[in-house]
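# Report on the structure
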Amino acid sequence: MLHACAWHPYNIMVDYSLAEIEALETTFPDARVYLCDFHREKVWLEWLRKESHGVSEKKEMLLKHFRSIAGSQSQEGYDIAVKELTGSDMWLSSDKLQTWFSSGWLSISERWVRMFRDSYMIVNTNNGVERQNKELKRYLDGYRKRSLSDLVKMLMTQFFPDMYLKYCQDNVQSSSCYKKYDDNIPKFLHSRPRKFVTHIMKRWYSYLTSQDITNHQNGLFLVRSEQDRNNYKVWFGNKDEATFWECADWCQHKLPCKHMNAILRCTKWSWDDLYSRFRENPIFTLDEEIVSPSTETLDHPDPSGSNVFEVPCQSPLKESSYHTHTQNVTPIKSGPKVKNSYKETMKHQGKCLNELKLLIDLVYEQQDVDTLKNIYKQVSNITASVQHNCQHHQQKPWPSNASANAKKTKVYMHWIKANN
């Protein structure tokens, strides 16, 4: 059935499961199968923590070596990182460590070391699939003791339609046919996924000018660093050599950094000059089957009369301060101020959730019992305080805005369907 759909993925991200890898490579012989970064680290931590393996007290140093190997960008860097690990006393004194890491990891380094990955691969974890699995479990309540046909019916009539509707809403709400973009947002960022636009705008403004950029022709530039005045190489890419930048921000995200943005701001080179395989990455674009280019340019009224898109943008900052300050684009038209607006509430919810995710990771690595007891006490106090606050605020925090957005999305879903 998969072959009949003519689906031919370039890259696939999985957990460390040999059976799953074999099945995928048999089904998609031209695809490259990689190991998820998150689950790779989780497996490392679990193995290193077991006292029976004899290296639990040295796990932090070993993890540092493992991560150095994983982050290698070149064969030379990889060889150096491996040599540093295999030459350490920790390695030489542990047969279990040598056997486990050599046979289980170094033997398949092409699946998890950065230098072996497709240059156009942006996603390095499969956590999105796990989130879908978590979402599915909500639908399974009441179906656990039902027949297989009932389960399939639920998937076809509830889960898949709901997920597709959310996917359509995400595309519609990022489109210029849903809201007008502010003039401060560059034209090439219009009608693109919100997270992508936010990432670029946080790096759009800097102190870099045309005097900091040297054009070596044919898409190769040298851009000075704001911090130490070194030069970073920026290559727009072609069919023979992948798009790349040399800075740490690019190496981490594989998305345009402030050095690329300086070229787009200060020279005649534009987003359209980037090599097409990078430029047309699905992560950067909306689904044309839902929001086609033809519907983007149609002139139509905004049924809710809401604000233009407001995307956080970055003011000029030092290179080491990417996220210390953001400012909102001033809307052209504003509605009445609401004490607890939908956007403001979502903004602070997101901040809280980000801190909670970080706390979970830190607790997972914490081994000191006294520290864990102290964390538990503080978290319990916060939980009790939040519960008490919720009991005194039973009303919905954004009833009017939420219903307006839902109605607006529905209107545009019908509008786009009629015009496609």
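Residues numbered from 1 in each chain as written. Predicted model: local features only at pLDDT ≥ 70, side-chain atom pairs only at ≥ 80, totals over all residues. Heavy atoms only, no water.

In this model, helix α3 (residues 59-70) (12 residues) spans 16 Å end to end at C-alpha, consistent with the 16 Å of a helix rising 1.5 Å per residue. Along its buried surface, α3 packs onto α2 (37-49), α4 (75-86), α5 (89-92) and α6 (95-104). (Helix = DSSP H or I, 4+ residues; strand = E, 2+ residues; numbered from the N terminus. Expected span 1.5 Å × (residues − 1). Contact = heavy atoms within 4.5 Å.)

Next up on the list: the pairing of strand β1 (residues 11-14). By the bridge criterion, 4 bridges tie β1 to strand β2 (residues 32-35) in an arrangement that is parallel. The residue bridging M13 from the neighbouring strand is Y34, located in β2. (Pairing = 2+ DSSP bridges.)

It is worth spelling out the sheet that holds strand β3 (residues 213-215) at this point. Ordered by their spatial adjacency, 4 strands build an open sheet running β3-β4-β5-β6, and the pairing between neighbours is antiparallel. Sheet topology places β3 and β6 (244-245) at the edges, where each strand pairs with a single neighbour. Bridging between strand β5 (residues 231-235) and β6 involves 2 bridges; their strand directions are antiparallel. For W235, the partnering residue across the bridge sits in β6 and is F244.

Here the focus is the pattern of salt bridges. Under the definition given, this model contains 12 salt bridges. The partner of R67 in a salt bridge is E41, and the shortest N-O contact between them spans 2.9 Å. You can see R67 sitting in helix α3 and its partner E41 sitting in helix α2, a full 26 residues away along the chain. Of the residues examined, E41 reaches a relative accessible area of 19% and is grouped as buried. With a shortest N-O distance of 2.4 Å, R138 and E135 are connected by a salt bridge. Within this pair, R138 and its partner E135 are both found in helix α7 (residues 127-139), separated by 3 residues, close to a single helical turn. By relative accessible area, which is 52% here, R138 ends up exposed. (Salt bridge = Lys/Arg side-chain N within 4 Å of Asp/Glu carboxyl O. Buried < 20%, exposed > 50% of the residue type's maximum accessible area, 1.4 Å probe, protein only.)

Here we come to unusual backbone geometry. The phi torsion of most residues other than glycine is negative, and most of the peptide bonds are trans. With a phi close to 55°, S191 is a non-glycine residue in the positive phi region. The topology assignment puts S191 in the loop between α8 (148-173) and α9 (194-201). In this structure, Q217 takes a positive phi of about 75° despite not being glycine. Positionally, Q217 belongs in the loop between β3 and β4 (220-224).

In this section: the side chain of S206. Tracing the backbone shows S206 in the loop between α9 and β3. Within the local environment of S206, its side chain forms a polar contact with the backbone nitrogen of L208, the two atoms lying 3.3 Å apart. (Polar contact = N/O pair within 3.5 Å; in protein donor to acceptor, adjacent residues only side chain to side chain.)

Okay, the environment of L208 next. Here L208 is to be found in the loop between α9 and β3. Placed 54 residues apart in sequence, L208 and A262 show a C-alpha to C-alpha distance of 6.2 Å. If sequence neighbours within four positions are ignored, L208 has contacts with V223, R224, E226, K258, H259, A262, R265 and C266.

Quick look at the packing of α3 against α4 now. Interaxial distance between α3 and α4 falls to 8 Å at its minimum, and their mutual angle equals 160°. When the axis of α3 is compared with that of α4, the two are roughly antiparallel. For the pair α3 and α4, the crossing hand works out as left-handed. Touching L62, H65, F66, S68 and I69 of α3 are Y78, A81, V82, E84 and L85, all from α4. Here the residues of the contact of α3 with α4 sort into 7 nonpolar, 2 polar and 1 charged. (Axes fitted to C-alpha atoms, helices over the stretch in contact; angles between N-to-C directions. Parallel < 35°, antiparallel > 145°, perpendicular 65-115°, else oblique. Left-handed = near helix turned anticlockwise from the far one by under 90°. Nonpolar A, V, L, I, M, F, W, Y, C, P; charged D, E, K, R; others polar.)

A word on the environment of D30. Its location among the elements puts D30 in the loop between α1 (18-27) and β2. By relative accessible area, D30 is classed as exposed at 76%. As a C-alpha pair, D30 and P9 span 21 residues in sequence and 8.0 Å in three-dimensional space.

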